[in-house]
Amino acid sequence: MFTGVWLPLNDERANRALGHLFNTTVVERINQLYPANNYGSQDKRVAAILRDWMFRCATRRAVRAMTDHGVPTYLYLFYQQLRWVETSFLGDYHSSEIGLVFGNQWPILVHDFTKDDARTSEYMQQYWVNFAKNHDPNGGAPNWPRYDRQSDLNIILNSQPTLQAGLGG
């Protein structure tokens with residue numbers, strides 16, 4: 001990890017880890033935006049900070065750049081509470097939705113779909129097929145609007161897709 005930083009993180013080690021990535025002013029602002037008492041542990045807090053920095057912020061920058069250049073863009077947040085073997089220690093990890101996109105429960109003992117998983121998979125497959133065929137995910141499932149800066153809308157993909165402004169979660 002970083003010199004002088006080990007798990008589990010405490011307040012000092014969390015700030016030291018963040019200090020390896022950001023300057024002092026940014027760390028102070030991060031501490032305001034991510035108060036420690038909103039998370040069960042410093043490990044979870046720092047994981048949320050890194051997730052947002054590496055994935056959510058980068059995704060929004062990319063989507064805004066594409067939209068600014070006239071590229072039709074659709075933004076989603078995968079938010080299905082999976083109960084698979086690996087999610088007990090990894091949580092909803094990057095690419096954990098891929099099995100649902102392809103309806104792949106393999107291996108069945110590890111990725112057995114619940115009713116909600118199966119419904120989410122149906123929605124996701126419909127969106128992906130529509131997008132591949134029509135360059136637009138819509139047509140049958142709940143409407144997924146194109147991204148634009150003003151509304152900042154994205155869809156939360158789960159068993160009951162809903163719209164939200166901002167890429168929260």
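Details of the structure are given in the entry above.
Bear in mind that the values here come from a model prediction, so they are computed numbers and not experimental data. (Residues numbered from 1 in each chain as written. Predicted model: local features only at pLDDT ≥ 70, side-chain atom pairs only at ≥ 80, totals over all residues. Heavy atoms only, no water.)

1. Here's the deal with the pattern of salt bridges
Part 1: The final tally for this structure, using the stated rule, is six salt bridges.
Part 2: A salt bridge links R56 to D52, with the shortest nitrogen-to-oxygen separation between them at 3.6 Å. Taken together, the positions of R56 and D52, both in helix α3 (residues 42–68) and four residues apart, correspond to about one turn of that helix. The same class applies to R56 as to D52, namely buried.
Part 3: Its salt-bridge partner being D68, residue R149 comes within 2.9 Å of it at the nearest N-O pair. With R149 in the loop between α6 (115–134) and β2 (153–157) and D68 in helix α3, this pair connects stretches of sequence that are 81 residues apart.
Part 4: Judged by its relative accessible area of 40%, R149 falls in the partly exposed class.
Part 5: Connected via shared salt-bridge partners are R51, D52 and R56. (Salt bridge = Lys/Arg side-chain N within 4 Å of Asp/Glu carboxyl O. Helix = DSSP H or I, 4+ residues; strand = E, 2+ residues; numbered from the N terminus. Buried < 20%, exposed > 50% of the residue type's maximum accessible area, 1.4 Å probe, protein only.)

2. Thoughts on unusual backbone geometry
Keep in mind that most residues, glycine aside, have a negative phi and that most peptide bonds are trans.
Part 1: Here the residue pair L7 and P8 is connected by a cis peptide bond, since its omega of 0° sits within 30 degrees of zero.
Part 2: Here P8 is to be found in the segment before α1 (11–21).
Part 3: Backbone geometry places S95, a non-glycine residue, at a positive phi of 85°.
Part 4: The class of S95 is partly exposed, set by a relative accessible area of 36%.
Part 5: Although it is not a glycine, D152 sits at a positive phi angle of roughly 55°.

3. Quick word on a nonpolar patch on the surface
Part 1: A cluster of nonpolar side chains, namely L21, W53, M54 and F55, defines an oily patch on the protein surface of about 360 Å² accessible area.
Part 2: Ranked by residue count, the leading element in the nonpolar patch is α3, at three residues.
Part 3: For M54, the position within the fold is in helix α3. (Patch = residues over 30% accessible without salt bridge, like charges linked within 9 Å, V, L, I, M, F, W, Y side chains within 5 Å. Areas by Shrake-Rupley, 256 points an atom, 1.4 Å probe, with all protein chains shown as cover.)

4. Concerning the side chain of H111
Part 1: Topologically, H111 is positioned in the loop between α5 (98–101) and α6.
Part 2: Judged by relative accessible area, which is 13%, H111 ranks as buried.
Part 3: Within the structure, H111 has its side chain in polar contact with the side chain of E86 (distance 2.8 Å).
Part 4: When sequence neighbours within four positions are dropped, the list of residues in contact with H111 reads W84, E86, Q105 and W106. (Polar contact = N/O pair within 3.5 Å; in protein donor to acceptor, adjacent residues only side chain to side chain. Contact = heavy atoms within 4.5 Å.)

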